[in-house]
Amino acid sequence: MNQILVEENGVYGLDCTNAVWVTNEIHEKYHKAGLHILSDADFFIETEDELIMIEYKNASIPDAEKPEVFNPLEDKKFNGVLRKYYDTLHYLTLNQKDRPKRFVYIVETLNDGVVMRKRLRDRLVRELPFQLQEIINSGVKLIEGVDVLSIEEWNNHPKYGAFPLKPVNELVK
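Here we summarise the structure given alongside this text.

Cut-offs used in this document
- Chains are numbered independently. Their residues run from 1 in the order of the written sequence.
- Under the rules for a predicted model, residues below a pLDDT of 70 receive no local features and side-chain atom pairs below 80 are neither given nor counted, while totals for whole chains, interfaces and linings still include all residues.
- Each side-chain value is worked out from all heavy atoms of the structure, with water and hydrogens disregarded.
- One speaks of a salt bridge when a side-chain nitrogen belonging to Lys or Arg is within 4 Å of a carboxyl oxygen belonging to Asp or Glu.
- Secondary structure elements are defined from DSSP: runs of H or I of at least 4 residues count as helices, runs of E of at least 2 residues count as strands, and each element is numbered from the N terminus.
- Relative accessibility thresholds used throughout: buried, under 20% of the residue-type maximum; exposed, over 50%; partly exposed, between the two (1.4 Å probe, protein chains only).
- Two strands qualify as a pair provided DSSP detects at least 2 bridges between them.
- The axes are straight lines fitted to the C-alpha atoms, using for helices just the contacting stretch, and the angles between their N-to-C directions are given from 0 to 180°.
- By definition in these notes, contact holds between two residues if any of their heavy atoms fall within 4.5 Å.

1. A few points about the pattern of salt bridges
And step 1. In the structure shown here, the tally under the stated rule is 13 salt bridges.
And step 2. Among the ionic pairs, Lys-159 bridges to Glu-50, the shortest N-O distance being 3.1 Å. Of this pair, Lys-159 sits in the loop between α5 (151-156) and β8 (165-167) while Glu-50 is found in the loop between β4 (43-46) and β5 (51-58), placing the two residues 109 residues apart along the sequence.
And step 3. Of the residues examined, Lys-159 reaches a relative accessible area of 33% and is grouped as partly exposed.
And step 4. Across the salt bridge formed by Asp-75 and Arg-123, the nearest N and O atoms sit 2.6 Å from each other. Of this pair, Asp-75 sits in helix α2 (residues 75-94) while Arg-123 sits in helix α3 (residues 114-127); the two residues are 48 residues apart in sequence, bridging distant segments of the chain.
And step 5. Classification of Asp-75 by relative accessible area gives partly exposed; the value is 48%.
And step 6. Residue classification places Arg-123 among the buried positions, given a relative accessible area of 18%.
And step 7. Bridged by salt links that share partners, the residues Glu-50, Arg-102, Asp-147 and Lys-159 form one connected network.

Dropping the structure here:
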């Protein structure tokens, strides 16, 4: 599969050549069905082992809207990202995508840092269905893990680096 998924600003793209299956069509499908209330993760990559839902926010790109005030820990922003995980489950269920699921939030801010991403990850762990899976204990899992990474961390990750996130002009089309 030779596919490049480009984020909404057209600045960065994911090279998904090594994926089993990829899509960024969820938003389009939800709106075509009249489900404007549903949000969706930006990208979706299926590997041999798992399904990776990716939310991408980059306040460091040229022409970013008010990058100095973007705070991914702010409740409204955080809840929007959280909702994207839950709302994307509908699409996965209807497409019979039942491999283990991982949610990855790639975030770049002007005040970027490891501490902020760790705080964001810890908060996502509390709000995603990890605890519910333990309480119900049916053996069914809605999520296997969550990561919050910078673009550099994504590209250097042993698993995710197989799908490099780079400026579009650096990706071979």
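We are not done yet, so read on.
2. Describing the sheet that holds strand β2 (residues 12-15)
Strands belonging to one sheet form pairs held by backbone hydrogen bonds; the direction of such a pair is parallel or antiparallel.
And step 1. Taking strand neighbours across the sheet as the criterion, the three strands line up as β1-β2-β8 in an open arrangement whose pairing is antiparallel. For this open sheet the edge positions go to β1 (4-6) and β8, each flanked by a neighbour on one side alone. Adjacent strand axes in the sheet meet at a mean angle of 35° when their direction is disregarded.
And step 2. Across three bridges, β2 lies against β8 in antiparallel orientation. Opposite Leu-14, over in β8, you have Leu-165 as the bridge partner.

3. Comments concerning the sheet that holds strand β3 (residues 21-23)
And step 1. Pairing is mixed in the open sheet, where five strands are placed in the order β3-β4-β5-β6-β7. In this open sheet, the two edge strands, each paired with only one partner strand, are β3 and β7 (145-149). Taking the axes of each pair of neighbouring strands and ignoring which way they run, one obtains an average angle of 15° across the sheet.
And step 2. The sheet contact formed by β5 and strand β6 (residues 101-108) spans eight bridges and is parallel. Bridge pairing links Asn-58 to Glu-108 in β6.
And step 3. Contacts between α2 and the sheet are confined to β3, β4, β5 and β6, with β5 contributing the most and set at about 145° to the helix.
And step 4. Along the sheet, α3 contacts β6 and β7; its crossing angle with β7, the most-contacted strand, is approximately 155°.

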